[in-house]
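If you want the building blocks of each chain, they are given just below.
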Amino acid sequence: MIHDIDESLRALVRRDVLNGANVEVSFEAPSKEWSARRNAPTVNLYLYDIREDVSRRGAQYEELRNERGMVVERRPPPRLFRLSYLVTAWTQRPEDEHRLLSAMLACFLPLDALPVDILRGEAGDLVRPLTVTVGLPLPADRNISDVWSAMGGELKASLDLVITAPFETRRTRPIGPPVREERILVAGMAPEPGGPRLPGSPPPEPLVRKVAEDQMEAAGDPETRTVRVRRVQPNGS
């Protein structure tokens, strides 16, 4: 899905930043070799870091229900990953680069999430939004100069753009079959109707009744939750 997020960003930049201007949009690493090959004004969005936002990881399994409202699948919530882009502008004059960076900042700063109408591919099928942050301070374990050094390039003005996207783990938890009968265990009930229960006698057989079709529900354990048990006192409580 990362490539779909790239294409969504390309569509947004072309529409709201460039507005028909003769400026290219690139996702290549802005190394010395790349800048030497460049022959037109360019906005570069280089994806330099992908990591999970573990502080927002959910632990509660989500239930997937069919058209009758029955649980047919349980799965963990999506993991949220932060995609960090190094945004730079490349022209012949620093003034033009600064104008492009200013336009990029003005484009992303009002956004809490990527607009739905520019989402491409799988990104457009997501239920959760693709949240946006721009220009925030980098974490303590990351230095932007290290990114430039790794690419062999010279440090220049840039924006740090972060898109937080949900990724499915594709793990599921099996469920049991629907509950079809209810067993009621009555405390103190004798083995024979009306007879006293003797010490050490075996527990009574539970009362069994069928569960109505519209009350059937999916159980969580396919081996042990095939019935629903309810304990009541002799007075019906």
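Residues numbered from 1 in each chain as written. Predicted model: local features only at pLDDT ≥ 70, side-chain atom pairs only at ≥ 80, totals over all residues. Heavy atoms only, no water.

### Description of the side chain of Ser-31
In this structure, Ser-31 sits in the loop between β1 (24–26) and α2 (32–37). Take Ser-31: its relative accessible area is 14%, and that puts it in the buried class. Side chain to side chain, Ser-31 and Glu-33 meet in a polar contact 3.4 Å long. (Helix = DSSP H or I, 4+ residues; strand = E, 2+ residues; numbered from the N terminus. Buried < 20%, exposed > 50% of the residue type's maximum accessible area, 1.4 Å probe, protein only. Polar contact = N/O pair within 3.5 Å; in protein donor to acceptor, adjacent residues only side chain to side chain.)

### Considerations on the packing of helix α1 (residues 2–18) against helix α3 (residues 94–108)
Where α1 contacts α3, the axes come no closer than 10 Å and their chain directions differ by 110 degrees. Relative to α3, α1 is oriented roughly perpendicular. Helix-helix and strand crossings are classified by hand; for α1 and α3 the assignment is right-handed. Touching Leu-9, Leu-12, Val-13, Asp-16, Val-17 and Leu-18 of α1 are Leu-100, Ala-103, Met-104, Cys-107 and Phe-108, all from α3. Its residues assigned to classes, the contact of α1 with α3 comprises 10 nonpolar, no polar and 1 charged. (Axes fitted to C-alpha atoms, helices over the stretch in contact; angles between N-to-C directions. Parallel < 35°, antiparallel > 145°, perpendicular 65-115°, else oblique. Left-handed = near helix turned anticlockwise from the far one by under 90°. Contact = heavy atoms within 4.5 Å. Nonpolar A, V, L, I, M, F, W, Y, C, P; charged D, E, K, R; others polar.)

### Structural notes on the confidence of the model for the protein chain
Confidence along the protein chain averages 77 in pLDDT terms, with 64% of residues attaining 70 or more. Segment residues 217–229 is flagged for pLDDT under 50; beyond a separation of four residues in sequence, or across chains, it makes 40 contacts in the model. (pLDDT = per-residue confidence, 0-100.)

### Thoughts on the pairing of strand β5 (residues 79–90)
Burial analysis of β5 places 9 of its 12 residues in the buried class, the great majority of the element. Pairing of strand β2 (residues 42–52) with β5, which is carried by 10 bridges, proceeds in the antiparallel orientation. Paired with Thr-42 across the strands is Trp-90, a residue of β5. (Pairing = 2+ DSSP bridges.)

### Some thoughts on helix α4 (residues 144–151)
If you check which residues of α4 are buried, you get Val-147, Trp-148 and Met-151. Across the axial projection of α4, the buried residues extend over an arc of 95 degrees, all falling on one side. Exposed residues on α4 whose side chains face more than 90 degrees from its buried face are Ser-149 and Ala-150. In the core, the buried residues of α4 are packed alongside α2, β2 and β5. Of the residues flanking the end of α4, it is Gly-152, one or two places downstream, whose phi is positive at about 75 degrees. (Arc of directions from axis to C-beta.)

### Focus on the pairing of β2
The pairing of β1 with β2 spans 3 bridges and is classified as parallel. If you follow Val-25 over to β2, its bridge partner there is Val-43.

### Considering unusual backbone geometry
For Asn-19, which is not glycine, the phi torsion reads 50 degrees and is therefore positive. Within the element layout of this structure, Asn-19 appears in the loop between α1 and β1. Residue classification places Asn-19 among the exposed positions, given a relative accessible area of 65%.

### Quick look at the pattern of salt bridges
Counted according to the given criterion, the structure contains 9 salt bridges. One salt bridge connects Glu-7 with Arg-10, and the closest N-O pair in it is separated by 3.3 Å. Within this pair, Glu-7 and its partner Arg-10 are both found in helix α1, separated by 3 residues, close to a single helical turn. The salt bridge involving Asp-117 is made with Arg-15; its shortest N-O contact spans 2.7 Å. Here Asp-117 is found in the loop between α3 and β6 (131–134), whereas its partner Arg-15 is found in helix α1, with 102 residues between them in sequence. One salt-bridge network, in which partners are shared between bridges, spans Arg-15, Asp-16 and Asp-117. (Salt bridge = Lys/Arg side-chain N within 4 Å of Asp/Glu carboxyl O.)

### So, the packing of aromatic side chains
If you walk through the whole model with that rule in mind, you get 3 aromatic pairs. A ring pair is formed by Phe-81 and Phe-167, whose centres lie 5.6 Å apart and whose planes are at 80 degrees; its orientation type is edge-to-face. Of the two residues, Phe-81 sits in strand β5 while Phe-167 sits in strand β7 (residues 159–167), which places them 86 residues apart along the sequence. Taking the ring centre of Trp-90 as reference, the NZ or CZ of Lys-156 above it sits at 3.6 Å. (Phe/Tyr/Trp six-rings, centres within 6.5 Å; stacked < 30°, edge-to-face > 60°. Lys NZ or Arg CZ within 6 Å of the ring centre and 35° of its normal.)

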